[in-house]
Amino acid sequence: MLLKPFGENLGIFAAQYLCIALVDLIGHIFFQSSVFTGISRVFLAVFPAYAVTFVYGLFRPGKAKKAVGAAICLLGAANVIFDIFCLKILGGIFSYDCVQSMVCSTVTETTGFLGMYVDIRAISVTALALLVIWSCFRAVSKVDTSRMRPGLKLILTILTVTSTALWALLPKKNHEGIYADKLLMVLSYEPVDLGTEDGRTYDVTIEGELPECVVLIIGESHAKSHVSTYGYRRDTAPRLDSMARKGDVIPFFYASTVWPRTIESLLCMMTNSSFDPLNGFQFRDTFLTDVMKSAGYKTFWLSNHNPFGFQDNPVTKIAEKSDSTYWVPPASPFRMSYDERLLPSVKSLADSQPGNMFLVIHPLGQHEAFKDRYPEAFGRFKPDRPSEKSSAVTAEYDNSILYNDFIVSEMMKTFADREAVVVYVPDHGMDIYASHPHYAGHARPHDPVSLEEGLQIPMYVFVSDKFRKRFPLKCEMMESMASEEFVTDRIMEFILEISGITYRVGDFKSSGL
């Protein structure tokens, strides 16, 4: 009885096995360098097909049989397409990293990344893959299996049992390498729960007097290796470099982010959370915005991002903790506005907002697609080799950095007449053909070269003349820190330190930098 489904439905089994398991096995052998992992994934990949085949083969649902078979083929096609995309673009098999790269971000970031690679060629390859999979299924389903030898049926049953055992027993922590069920992987992603509190008042201590204006500009996808301040061949940061030579801006030379993805990085900036590859994200619910409010600052958040993201974007939830938020409307349903749309709001706050102000600005920066991030006037850099896509994309990325240099420097100059400190730090870097000649996008954590590109970031601190005159020791402290290693999970402590604020929560008391 248990062997009967394989005799009647070998076509479905073979199509699923050949189209899914082969792609997974090749991907793991060549990209993960682990034959055992590859073989394990073969078993895991075909397990859903075994399970479904058993169920409808045992109960013989009649007319529903073809519909179930078609559904299995569609799932198999989706599985293959996922893997082909990840092998081609991300350089590895579909994994939890891929899920987080897609959904641990804003809608703008995810669609921009996909938009760089979903073109007519990608659509054609997908259509061809679907045709091949369907043809394969149709061909093997016509094989006469009525005379299948019992030994072969026994082997198939053993494979089923093995697949089930591996699926159930393999440790969860290994799922990045061998977790096969794509749909389940996406559904099992759990975003960070930020709680439901609107805000919390902290017991704060203020050392001396508060600076009048504290501004944090959170950049986006800004690779240090493409910034002229740090030795890049193109002059991508002329304005900030000029301000640094005059002493108005302090460049930090050894800044890095906690992880090359938006959500983890930004949460570590705006809360006292931490993140490391071994222990993952450790969320702690002390928010920088709430502490600044408790110290007497009026808080604002200006953003050029879409406020809606995967399962209520945590970035939006943090932004809404501010006293006032403003989201720049998109230029069209399919295109975000240029970051210059933020400048009037920044100037309005700098000119008219009295008293102590804490302002967070979240521009689009260097989000994909890079050519959509800057107006035509900033298209200074041209491809070194116009016929190569990588050369064109690199030029577009460098132009987006040049435009970002203009935006950030203008924001800093807006506060030149106030007693202000403005900190610019991006959420993460980018891998622009550094690790693979055909890949530009978010860093791939399993590739050391790509990961390093994603972790290394530029960082600048602007201090106005009034701030420098009133807080010379704080300026000296920042200048000395500029030549030290600085990780973005220290941003909250850094902001509080230059503001002269410490806070207490229960038995915990912040200690500064």
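Attention in this report is confined to the structure presented alongside it.

Calculation criteria
Residue positions are counted from 1 within each chain, in the order its sequence is given. Only residues with pLDDT of 70 or above have their local features reported here, since the model is predicted, and side-chain atom pairs are shown and tallied only from 80 upward, although totals for entire chains, interfaces and linings are computed over all residues. Excluded from the side-chain calculation are hydrogens and water; included are all heavy atoms of the structure. Each helix corresponds to a stretch of at least 4 residues labelled H or I by DSSP, and each strand to a stretch of at least 2 residues labelled E; elements are numbered beginning at the N terminus. Throughout this description, buried means an accessible area under 20% of the type-specific maximum (1.4 Å probe, protein chains only), exposed means over 50%, and partly exposed covers the range between. Residues count as neighbours in contact if any of their non-hydrogen atoms are within 4.5 Å of one another. We get accessible surface area from the Shrake-Rupley algorithm with a probe of 1.4 Å; when it comes to residues, only the shown protein chains can shield them. Side-chain rings of Phe, Tyr and Trp, where Trp is taken by its six-membered ring, are said to pair if the distance between their centres is within 6.5 Å; with planes under 30 degrees apart they count as stacked, over 60 as edge-to-face, and otherwise as tilted. Should DSSP find at least two bridges between two strands, the strands are taken to pair. Every angle, taken between N-to-C directions, lies between 0 and 180 degrees, and every axis is a line fitted to C-alpha atoms, over only the stretch in contact when it is a helix. Whenever a carboxyl oxygen of Asp or Glu lies within 4 Å of a side-chain nitrogen of Lys or Arg, that contact is scored as a salt bridge. Here, nonpolar core means buried Ala, Val, Leu, Ile, Met, Phe, Trp, Tyr and Cys residues that are tied together by side-chain atoms lying within 4.5 Å of each other. The charge count includes Lys and Arg as positive and Asp and Glu as negative, but it does not include His or the ends of the chains. The directions considered for the arc run from the helix axis to the C-beta atoms. Throughout this description, a polar contact denotes any pair of N or O atoms lying within 3.5 Å of each other; where both atoms belong to protein, one of them has to be capable of donating a hydrogen while the other can accept it, and for residues adjacent in sequence the pair is counted only when both atoms sit in side chains. Oblique is the label for every angle not falling under 35 degrees (roughly parallel), over 145 degrees (roughly antiparallel), or within 65 to 115 degrees (roughly perpendicular). Take the far helix as your reference; a near helix turned counterclockwise from it by less than a right angle gives a left-handed crossing, and one turned clockwise gives a right-handed crossing. Throughout, the ten residues Ala, Val, Leu, Ile, Met, Phe, Trp, Tyr, Cys and Pro are labelled nonpolar, Asp, Glu, Lys and Arg are labelled charged, and all others, Gly among them, are labelled polar.

1. Quick word on the overall build of the chain
Then comes step 1: The helix and strand inventory of the chain stands at 20 helices and 16 strands.
Then comes step 2: Buried residues in the chain amount to 54% of all 513 residues.
Then comes step 3: When contacts within the chain are restricted to residue pairs at least 6 apart in sequence, those whose partners lie at least 24 apart make up 77%.
Then comes step 4: Just so you have it, the chain exposes about 22,900 Å², and 60% of that area is on carbon and sulfur atoms.

2. Considerations on the packing of aromatic side chains
Then comes step 1: Scanning all chains against the criterion turns up twelve aromatic pairs.
Then comes step 2: Ring plane angle 75 degrees and centroid distance 5.7 Å describe the contact between Y230 and F253, whose orientation is recorded as edge-to-face. Taken together, the residues Y230 in the loop between β2 (213-219) and α11 (238-246) and F253 in the loop between β3 (249-252) and β4 (254-256) connect sequence positions 23 residues apart.
Then comes step 3: Residue Y230 is classed as buried on the basis of its relative accessible area, which comes to 19%.
Then comes step 4: On the basis of relative accessible area, F253 is assigned to the partly exposed category, the value being 36%.

3. Observations concerning the sheet that holds β2
Then comes step 1: Spatial strand order, β3-β13-β10-β2-β9-β7-β8: seven strands in an open sheet with mixed pairing. Edge positions in the open sheet fall to β3 and β8 (324-327), since each of these has one partner strand only. Pairwise comparison of adjacent strand axes, ignoring direction, gives a mean angle of 15 degrees for this sheet.
Then comes step 2: Note: β2 against strand β9 (residues 357-362), five bridges, orientation parallel. Bridging across to β9, V215 finds its partner in L359.
Then comes step 3: Its contacts with the sheet put helix α12 (residues 262-270) on β2, β7 (298-303), β9 and β10 (420-426), and the angle it makes with β2 is roughly 170 degrees.
Then comes step 4: The strands touched by helix α20 (residues 491-499) within the sheet are β2, β3, β9, β10 and β13 (459-463), with β10 carrying the most contacts at an inclination of about 170 degrees.

4. Considerations on the pattern of salt bridges
Then comes step 1: For the coordinates displayed, the defined rule picks out 13 salt bridges.
Then comes step 2: Residue D290 is joined to K321 by a salt bridge in which the shortest nitrogen-to-oxygen separation is 4.0 Å. In this pair, D290 sits in helix α13 (residues 288-294) while K321 sits in the loop between α14 (314-319) and β8, placing the two residues 31 residues apart along the sequence.
Then comes step 3: Assessed through its relative accessible area of 2%, D290 is described here as buried.
Then comes step 4: Judged by its relative accessible area of 7%, K321 falls in the buried class.
Then comes step 5: The partner of E419 in a salt bridge is R470, with the nearest N and O atoms 2.8 Å apart. Placement of E419 in the loop between α16 (389-414) and β10 and of R470 in helix α18 (residues 465-470) is noted, with a sequence separation of 51 residues between them.
Then comes step 6: Since its relative accessible area comes to 35%, R470 is described here as partly exposed.
Then comes step 7: Among the ionic contacts, a cluster of salt bridges with common partners joins R233, R234, D384 and D398.

5. A word on the nonpolar core
Then comes step 1: Counting 48 residues, the largest nonpolar core has M270, M459, V461, M478 and F494 as its most contacted members.
Then comes step 2: Ignoring sequence-local partners within four residues, the contact set of M478 consists of I250, F252, V421, V461, V463, F467, F494 and I498.
Then comes step 3: In terms of nonpolar packing, the next biggest core, distinct from the first, is built from 35 residues, M357, Y403, M411 and M412 among them.

6. Details of the side chain of R373
Then comes step 1: Here R373 lies in the loop between β9 and α16.
Then comes step 2: For the buried R373, no salt bridge exists, and the shortest N-O distance to an oppositely charged side chain is 5.4 Å, to D372.
Then comes step 3: With residues up to four places along the chain from it excluded, the contact list for R373 reads M336, Y338, L364, G365, Q366, H367, E368, S400 and Y403.

7. Overview of helix α19 (residues 472-481)
Then comes step 1: Within α19 the residues assigned to the buried category are K474, C475, M478 and M481. Down the axis of α19, the buried side of the element spans an arc of 125 degrees, and every buried residue falls inside it.
Then comes step 2: For α19, the elements touching its buried residues are β3, β10, β13, α18, β14 (485-487) and α20.

8. Observations concerning the side chain of T271
Then comes step 1: Looking at the secondary structure, you find T271 in the loop between α12 and β5 (274-276).
Then comes step 2: A relative accessible area of 0% places T271 in the buried class.
Then comes step 3: A polar side-chain atom of T271 sits 2.6 Å from the main-chain carbonyl oxygen of L267.
Then comes step 4: If sequence neighbours within four positions are ignored, T271 has contacts with F283, R284, T286, F287 and M492.

9. Observations concerning the packing of helix α15 (residues 343-352) against α16
Then comes step 1: α16 packs onto α15 with a crossing angle of 15 degrees between their chain directions and a minimal axis gap of 9 Å. Classed by the angle they form, the pair α15 and α16 counts as roughly parallel. Crossing of α15 against α16: the hand is right-handed. Of α16, the residues touching α15 (which contributes L343, V346, K347 and A350) are I407, E410, M411 and T414.
Then comes step 2: Split by residue class, the contact of α15 with α16 holds five nonpolar, one polar and two charged.

10. Brief notes about the pairing of β10
Then comes step 1: Burial of β10 is extensive: seven of the seven residues sit out of reach of the surface.
Then comes step 2: Side chains A420, V422, Y424 and P426 project from β10 onto one buried face, and the interleaved V421, V423 and V425 project onto a second face that is buried too.
Then comes step 3: One ladder, built from seven bridges, connects β2 with β10; its direction is parallel. Bridge pairing in β10 places I217 opposite Y424.
Then comes step 4: As paired strands, β10 and β13 are joined by four bridges and run antiparallel to one another.

11. Digging into unusual backbone geometry
Then comes step 1: Between E368 and A369 the backbone carries a cis peptide bond, its omega angle lying at -5 degrees.
Then comes step 2: A positive phi angle, close to 55 degrees, is found at S221, a residue other than glycine.
Then comes step 3: Tracing the backbone through its elements, the reader meets S221 in the loop between β2 and α11.
Then comes step 4: A residue is classified by how much of its surface remains accessible, and S221, at 0% relative accessible area, is buried.
Then comes step 5: Look at Y433: it is not a glycine, yet its phi comes out positive at around 60 degrees.
Then comes step 6: Tracing the chain through its elements places Y433 in the loop between β11 (431-432) and β12 (440-441).
Then comes step 7: A relative accessible area of 18% means that Y433 is categorised as buried.

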